Amino acid sequence: MEFNFVEILGYAASIMVAISLTMKDIVKLRILNFIGCGLFSAYGLMIDSWPVVVTNTFIACVNVYFLLKMQQEKKQLQNA
């Protein structure tokens, strides 16, 4: 079976998202999911699939938003 780079990227993205969903730590989950979404967005661009690009870019942004929010909350608790 012969794989090309685009297929490998798609499999790597799938694996990252799957691994992220096994994490108990929400920060690790969001970081790994962000990486998977980034890979899926690149994959979507390569196969010219805009639904894949838009959906995964949106999810990546949601992950960044919540990671930043958690970081701010952690700083506020440390300062209190």
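As the structure is a computational prediction, the values presented were derived from the model and not from experiment.

Turning next to the packing of helix α2 (residues 26-46) against helix α3 (residues 50-79). It is the contact of α2 with α3, at a shortest axis distance of 8 Å, that shows an interaxial angle of 155°. With respect to α3, the axis of α2 lies roughly antiparallel. Handedness of the α2/α3 crossing: left-handed. Among the residues forming the contact of α2 with α3, the class breakdown is 17 nonpolar, six polar and one charged.

Checked against the element boundaries, N56 lands in helix α3. Residues contacting N56, with those up to four places away along its chain left out, are C37, F40 and S41.

Looking now at unusual backbone geometry. With the exception of glycine, most residues fall at negative phi, and the peptide bonds are largely trans. Although it is not a glycine, D48 sits at a positive phi angle of roughly 60°. With respect to the element layout, D48 can be found in the loop between α2 and α3.

Quick look at α3 now. An ideal rise of 1.5 Å per residue puts 44 Å on 30 residues; α3 measures up with 43 Å between its terminal C-alpha atoms. Turning to α3, its buried residues number three or more, namely V53, N56, A60 and N63. Residues of α3 that are buried in the fold lie against α2.

Taking 1.5 Å of rise per residue, 21 residues should cover 30 Å, and α2 covers 30 Å from first to last C-alpha, within 8% of that figure. All of the buried residues along α2 are L29, R30, L32, N33, G36, C37, F40, S41 and G44. Elements in contact with the buried residues of α2: α1 (5-20) and α3. In the stretch just after α2, D48 is the one whose phi turns positive, near 60°.

Cut-offs applied
- Residues numbered from 1 in each chain as written.
- Predicted model: local features only at pLDDT ≥ 70, side-chain atom pairs only at ≥ 80, totals over all residues.
- Heavy atoms only, no water.
- Axes fitted to C-alpha atoms, helices over the stretch in contact; angles between N-to-C directions.
- Helix = DSSP H or I, 4+ residues; strand = E, 2+ residues; numbered from the N terminus.
- Parallel < 35°, antiparallel > 145°, perpendicular 65-115°, else oblique.
- Left-handed = near helix turned anticlockwise from the far one by under 90°.
- Nonpolar A, V, L, I, M, F, W, Y, C, P; charged D, E, K, R; others polar.
- Contact = heavy atoms within 4.5 Å.
- Expected span 1.5 Å × (residues − 1).
- Buried < 20%, exposed > 50% of the residue type's maximum accessible area, 1.4 Å probe, protein only.

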